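# Coordinate inspection notes
Chain by chain, the residues run as shown.
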Amino acid sequence: MKWRANRYELIEVSKGQRPADLFIQGGTVVNVYSGELLPQNVAVYKDRIAYVGESCAMVGENTRVIDAAGQFVCPGFIEVHAHPWVIYNPVSLAAQSVSTGTTTIVNDNLFFYLHMGAQGFKRMVEDLRELPGNQLWLARLVSQAEFIGERDWFNHADLRMLLDMEEVVGTAEVTRWPLLYEGDPFLIETIEYAKKRGKLSDGHTAGCSYEKLNAIAASGISACHEAITAQETLDRLRLGLWTNLRNSSLRPDLEELIKAITEGKVDTHRLLMTTDGPHPAFILEEGFVNGLVRKAVRLGLPPVQAIQLVTVNAATFLRLDEEIGGIAPSRRADIIILPDLEQFEPSLVISGGETVFEGGSLQKELPHIDWSRYRIGRCLEVEKSVLANPDIYSFPHPNPDVPVPVIGFRSTVITKGMETTLPSKDGYADIAGKDGLLHVALIDRFGKWRTNGLIEGFADKLEGMASTYNTPTDLLAIGKNPEAMARAAASVHEMGGGIAIVQDGKLALEIPLPVGGMMTDHTSFAQAVNYQNELLAALKRLGYPFHDILYTLLFLTCDFLPGLRIVPLGVYDVKSHSVLRPPVPLQG
């Protein structure tokens, strides 16, 4: 990290020979190194902590003195596994999270990299240095859905350039973990490069058995956040993986996972906690990392131990424990003042020595980000006139005697492959007599191909919907009526990315997401919450039966969860690694 305060200055402040800029007195310091609660003062100079103890000798005429009597002085929280593109963007997420005491966020770069390339992403990271809080990044090595040209886009030169950046602390999760199990040379070589640079390699091993986890650990993966039982937590810990206890909008698993500690009495020094990219309303209602700590304490974890998981443990995992994660001399001055150790709602937040939240409001002006400065081309390069053709949304089906595959939803993100027979009309499947059956189409954003399929159990009454919010950020269209789907697609094109619903012949909902087709460009987190709530409410009225529509759209179009999916390779059976319906040219 680049510091404004040098060590000579810190030494002078600690000895009372130079006045501190900020002095917190009368509070109880949460010492995450010793596990103690200590009545101590804290002195800050520029962006670093200079002193922790009983002295007041460094208080000068211009020192700002903060009275923390009756309150707890705690290190800022760290989110080690964030996805800053769940309708919100890095700016709005930073503003919301810092107000809840999270002073360091480690962000996944996937959709930024897909739309900006290495150089555009690098420029964005440099501009985001002005955000409140400490913004760090992990670099993806592959996408979440294989596509033609993927290995050219994710290449050695670009990824090594990113891994050389100070803000990039390692490689991001490889959701397609069988590639690691099979020893994919590109992944192994890039992970090895990250290791040589002193950086971590995050992991994702959903559904991976203990035996297969051995090979994943051998590949160089540092951590996993996909345990959903206490036993799976133990499996990962026992193989040397840093293990994240997750509580998110999609997977609120903390109540089960924490049993590894409260019942199993497992050592916690290699345990972390994460929210894993929850939808906006979840953050507003449950909190961010402070919500994790609050819930862990309510489930029986001692407060200091819960705090350790999201401070010193997280910093050690990031290989930054001498820079962040605790209140001690020379550490970055990331400090939150908590009225109690029950609610974990900070009254004041200091980030890098600067007060960024106080009195219930953000104290730092958010930077204006021109997102168009980083992106490569438009969100949808395909022409609007092409998307207006209803035929491209219909399922080609010239032979009614041949059964067709159906993607059947069984939960928010779990699908099951089925087959059905359908009549044919003008060479396309006629679904009018099949209740609950909808067309689904994934259309290449560059206009080269389309994949057509059928889904069941999504939103029975939906006439037409189109969205660039999906894993490959192509155009995903769903509905009973190809004409309504085409109109919704035209609306998304006009917005430059987003989500649109057409119902009863009218445009019922428009959500502009101009940043990569995934994110609003608003700095207001409340706007992201409103968009998500409007979308969920609209689809629930049309029969959507689940709780997290954003992850339904994401995981329908990825190729790492079992079941049938619609991806750039076609209608794809993940378990058998087989394409049941390949893509066809978009036109002709």
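As the structure is a prediction and not an experimental result, all values here were calculated from the model.

### With respect to the packing of aromatic side chains
Each aromatic ring pair is summarised here by two numbers: the centre-to-centre distance and the angle between the ring planes. Within the structure shown, the criterion is met by 14 aromatic pairs. Consider the rings of Phe-555 and Phe-560, whose centres lie 5.4 Å apart with planes at 75 degrees: the pair is edge-to-face. Here the two residues Phe-555 and Phe-560 agree in accessibility, since each one is buried. Among the aromatic residues, those joined into a ring-pair cluster are Phe-409, Phe-458, Tyr-544 and Phe-546. It is Arg-48 that lies over the ring of Trp-3; its NZ or CZ is 4.3 Å from the centre.

### Description of the UniProt feature "domain: Adenine deaminase C-terminal" (unreviewed entry) in the chain
Under the feature "domain: Adenine deaminase C-terminal" (unreviewed entry), the UniProt entry names residues 413–577. Structurally, residues 413–577 comprises 24% helix and 33% strand, and the distance from its first C-alpha atom to its last is 18 Å.

### A look at the pattern of salt bridges
Scanning the model with the defined rule gives 24 salt bridges in all. Close ionic contact of Glu-358 with Arg-64 constitutes a salt bridge, the shortest N to O distance being 2.9 Å. Here Glu-358, found in strand E18 (residues 354–358), pairs with Arg-64, found in strand E6 (residues 64–67); they are 294 residues apart in sequence, far enough to count as distant. Classification of Glu-358 as partly exposed rests on a relative accessible area of 28%. For Arg-64, a relative accessible area of 32% translates into the label partly exposed. Residue Glu-173 pairs with Arg-140 through a salt bridge whose shortest N-O separation is 3.6 Å. With Glu-173 in the loop between strand E11 (168–171) and helix H6 (178–181) and Arg-140 in the loop between strand E10 (134–139) and helix H4 (150–153), this pair connects stretches of sequence that are 33 residues apart.

### Observations regarding the nonpolar core
Judged by nonpolar contacts, the single largest core of 137 residues is most densely connected at Phe-458, Tyr-469, Ile-478 and Leu-535. A per-element tally of this core places helix H3 (residues 110–127) first, with 10 residues. Core analysis: the next-biggest nonpolar cluster, separate from the first, contains 21 residues, Val-382, Tyr-393, Ala-441 and Ala-489 among them.

### A few points about the domain arrangement of the chain
The assigned domain composition of the chain is domain 1 (1–75 + 325–360), domain 2 (77–321) and domain 3 (377–585). The straight-line distance from the C-alpha centre of domain 2 to that of domain 3 is 28 Å. Between domain 2 and domain 3, the residue contacts involve 32 residues of the former and 35 residues of the latter. With both sides pooled, the region where domain 2 packs onto domain 3 buries about 2900 Å², and carbon together with sulfur makes up 69% of that total. One can count one salt bridge joining domain 2 with domain 3. The residue Arg-176 makes a salt bridge to Asp-559 at a minimum N-O spacing of 3.9 Å. Viewed at the interface, domain 3 and domain 2 are joined by 13 residue pairs in polar contact (both at pLDDT 80 or more). Among the elements of the structure, helix H2 (90–98), H3 and helix H12 (280–286) are those that each provide at least two residues to the side of domain 2 that touches domain 3. By residue number, the principal contributor to the side of domain 2 that touches domain 3 is H2, which donates five residues. Here the side of domain 2 that touches domain 3 is composed, by residue class, of 18 nonpolar, 11 polar and three charged.

Rules used throughout
- Residues numbered from 1 in each chain as written.
- Predicted model: local features only at pLDDT ≥ 70, side-chain atom pairs only at ≥ 80, totals over all residues.
- Heavy atoms only, no water.
- Phe/Tyr/Trp six-rings, centres within 6.5 Å; stacked < 30°, edge-to-face > 60°.
- Buried < 20%, exposed > 50% of the residue type's maximum accessible area, 1.4 Å probe, protein only.
- Lys NZ or Arg CZ within 6 Å of the ring centre and 35° of its normal.
- UniProt positions renumbered as here; feature names shortened; annotations may be inferred.
- Helix = DSSP H or I, 4+ residues; strand = E, 2+ residues; numbered from the N terminus.
- Salt bridge = Lys/Arg side-chain N within 4 Å of Asp/Glu carboxyl O.
- Core = buried A, V, L, I, M, F, W, Y, C linked by side-chain atoms within 4.5 Å.
- Domains from an automatic or database assignment.
- Contact = heavy atoms within 4.5 Å.
- Buried area = accessible area lost by both parts, 1.4 Å probe.
- Polar contact = N/O pair within 3.5 Å; in protein donor to acceptor, adjacent residues only side chain to side chain.
- Nonpolar A, V, L, I, M, F, W, Y, C, P; charged D, E, K, R; others polar.

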